[in-house]
Amino acid sequence: DGGITQSPKYLFRKEGQNVTLSCEQNLNHDAMYWYRQDPGQGLRLIYYSQIVNDFQKGDIAEGYSVSREKKESFPLTVTSAQKNPTAFYLCASSISLAGGLYEQYFGPGTRLTVT
Amino acid sequence: ILNVEQSPQSLHVQEGDSTNFTCSFPSSNFYALHWYRWETAKSPEALFVMTLNGDEKKKGRISATLNTKEGYSYLYIKGSQPEDSATYLCAIIQGAQKLVFGQGTRLTINP
């Protein structure tokens, strides 16, 4: 089955520890994204990558880091510098449509709780 | 950063009734608008991509309209069913392959 997998579904960490969230896709999409969702807010873009070995900061990149060594994988590290890391994290990838448009496909998400 | 607003934030509708909700966005430099449906414990799924003023898209009982001059889109659901219960997200393209999302409308269909 083609799709996006994120693991684990739930993740618990102690404050001060770095944690890496996994995102893998077998859709052969070039672009991948990380979003964060907090209660009552829309999805906010953390980082995105349009091609292997390249990535750009989104709107809330502080305290996060990413890598894109393979087309299929876009792991997100939540560092101890992130002030409020507890949130729901969604990974996505996108395919280009006609006319310069694109459609994003989402993974199932990882809920991170830091205490 | 673009500001995308969705209203209402939550909505309870009786099964069989029709409903609609709104996505508002800045009308300047508009390129495209996306609607997604996000069911509990599942991944968000794309419903529509809309680009042209006056555009209307339809998928089964769900349809959407777009007014780029005044900066809003409506999503309509006709004859609501329990399986329509979900959060509906709209998003606007900002720059190359970047989407800015609204906070979503959480729809609950009461049987």
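The structure presented is a predicted model; accordingly, all values stated were derived computationally and were not measured.

So, how was this worked out
- Residues numbered from 1 in each chain as written.
- Chains lettered and ligands numbered in written order.
- Predicted model: local features only at pLDDT ≥ 70, side-chain atom pairs only at ≥ 80, totals over all residues.
- Heavy atoms only, no water.
- Helix = DSSP H or I, 4+ residues; strand = E, 2+ residues; numbered from the N terminus.
- Contact = heavy atoms within 4.5 Å.
- Disulfide = S-S within 2.5 Å.
- Buried < 20%, exposed > 50% of the residue type's maximum accessible area, 1.4 Å probe, protein only.
- Core = buried A, V, L, I, M, F, W, Y, C linked by side-chain atoms within 4.5 Å.
- 1 Å grid on protein atoms, 1.4 Å probe; cavity = no way out; pocket = protein on both sides within 12 Å on 5 of 7 lines; lining within 4 Å.
- Points joined across faces, edges and corners; volume = space filled by probe spheres on them.
- Nonpolar A, V, L, I, M, F, W, Y, C, P; charged D, E, K, R; others polar.
- Buried area = accessible area lost by both parts, 1.4 Å probe.
- Salt bridge = Lys/Arg side-chain N within 4 Å of Asp/Glu carboxyl O.
- Polar contact = N/O pair within 3.5 Å; in protein donor to acceptor, adjacent residues only side chain to side chain.
- Phe/Tyr/Trp six-rings, centres within 6.5 Å; stacked < 30°, edge-to-face > 60°.
- Lys NZ or Arg CZ within 6 Å of the ring centre and 35° of its normal.
- Pairing = 2+ DSSP bridges.
- Axes fitted to C-alpha atoms, helices over the stretch in contact; angles between N-to-C directions.

Some details on the environment of A:His29
All names here are of chain A. Mapped onto the fold, His29 is located in the loop between strand 3 (19–25) and strand 4 (31–37). With 76 residues separating them along the chain, His29 and Tyr105 place their C-alpha atoms 9.6 Å apart. Filtering out sequence-adjacent residues up to four positions away, His29 remains in contact with Arg68, Lys71, Ser93, Ser94, Ile95 and Tyr105.

Observations concerning the state of the cysteines
Residue and element names in this part refer to chain A. In the structure shown here, the tally under the stated rule is two disulfides over all chains. What pairs with Cys23 in a disulfide is Cys91, and their sulfur atoms sit 1.8 Å apart. As the torsion about the S-S bond is roughly -75°, the Cys23-Cys91 disulfide counts as left-handed. Here Cys23 is found in strand 3, whereas its partner Cys91 is found in strand 9 (residues 87–96), with 68 residues between them in sequence. The pair Cys23 / Cys91 is uniform in exposure class, with both members buried.

Here we look at the nonpolar core
Membership of the largest hydrophobic core comes to 24 residues, with the highest contact counts inside it found for B:Phe21, B:Leu33, B:Trp35, B:Phe48, B:Leu75, B:Tyr88 and B:Leu107. Taken together, the elements giving at least two residues each to this core come down to strand 2 (10–14), strand 3 (19–24), strand 4 (33–38), strand 5 (45–50), strand 7 (62–67), strand 8 (72–77), strand 9 (86–93) and strand 11 (105–110) of chain B. The next biggest cluster of nonpolar side chains, apart from the first, holds 21 residues, and it includes A:Ala31, A:Leu45, B:Leu99 and B:Phe101.

Remarks on the layout of surface pockets
One number sums up the size of the largest pocket: a volume of about 710 Å³. If you trace the largest pocket, you find 28 residues lining it, with A:Gln37, A:Arg111, B:Trp38, B:Thr87 and B:Arg106 closest to the centre. At the level of secondary structure, the elements contributing two or more residues to the lining of the largest pocket comprise strand 9 of chain A together with strand 9 and strand 11 of chain B. The dominant element in the lining of the largest pocket, judged by the number of residues it contributes, is strand 11 of chain B, at three residues. For the lining of the largest pocket, the class distribution of residues is nine nonpolar, 13 polar and six charged. Of the volumes computed, that of the second largest pocket is approximately 260 Å³. Contributing to the lining of the second largest pocket are 18 residues, with A:Leu43, A:Arg44, B:Leu2, B:Val100 and B:Phe101 lying nearest its centre. For the lining of the second largest pocket, the secondary-structure elements that each account for two or more residues are strand 5 (44–51) of chain A together with strand 10 (99–101) of chain B.

Here's the deal with the interface of chain B and chain A
In this assembly, 22 residues from chain B lie in contact with 26 residues from chain A. Summed over both partners, the interface of chain B with chain A comes to about 2,000 Å²; 59% of that surface belongs to carbon and sulfur atoms. Our count for the contact surface shared by chain B and chain A stands at zero salt bridges. Across the chain B-chain A interface, the total number found is four residue pairs in polar contact (both at pLDDT 80 or more). Tallied by class, the residues present in the side of chain B that touches chain A amount to 13 nonpolar, eight polar and one charged.

Focus on the packing of aromatic side chains
Across all of its chains, the model carries 15 aromatic pairs over all chains by this definition. Look at A:Tyr35 and A:Phe106: their rings are 5.9 Å apart centre to centre, the planes differ by 40°, and that puts the pair in the tilted class. Placement of A:Tyr35 in strand 4 and of A:Phe106 in strand 10 (residues 102–106) is noted, with a sequence separation of 71 residues between them. Each member of the pair, A:Tyr35 together with A:Phe106, is buried. Here A:Tyr64 and A:Tyr89 contribute two aromatic rings whose centre-to-centre distance is 5.9 Å and whose plane-to-plane angle is 65°, an arrangement assigned as edge-to-face. Of this pair, A:Tyr64 sits in strand 7 (residues 64–66) while A:Tyr89 sits in strand 9, placing them 25 residues apart in sequence. Judged by relative accessible area, which is 5%, A:Tyr64 ranks as buried. On the basis of relative accessibility, which here comes to 0%, the residue A:Tyr89 falls in the buried class. Each member of the aromatic cluster is reached from another via a ring pair, and the members are A:Tyr33, A:Tyr35, A:Tyr48, A:Phe106, B:Tyr36 and B:Phe101. Its end group placed over the ring of B:Phe48, B:Lys59 keeps NZ or CZ at 6.0 Å from the ring centre.

Here we look at the sheet that holds strand 8 of chain B
All names here are of chain B. Strands sit in the order 1-3-8-7-6 across an open sheet of five strands; the sheet is antiparallel. The open sheet has two edge strands with one neighbour each: strand 1 (5–7) and strand 6 (56–59). This sheet shows a mean twist of 15° between the axes of neighbouring strands, independent of strand direction. Bridge count between strand 7 and strand 8: six bridges; the pairing is antiparallel. Bridge pairing in strand 8 links Thr65 to Tyr74.

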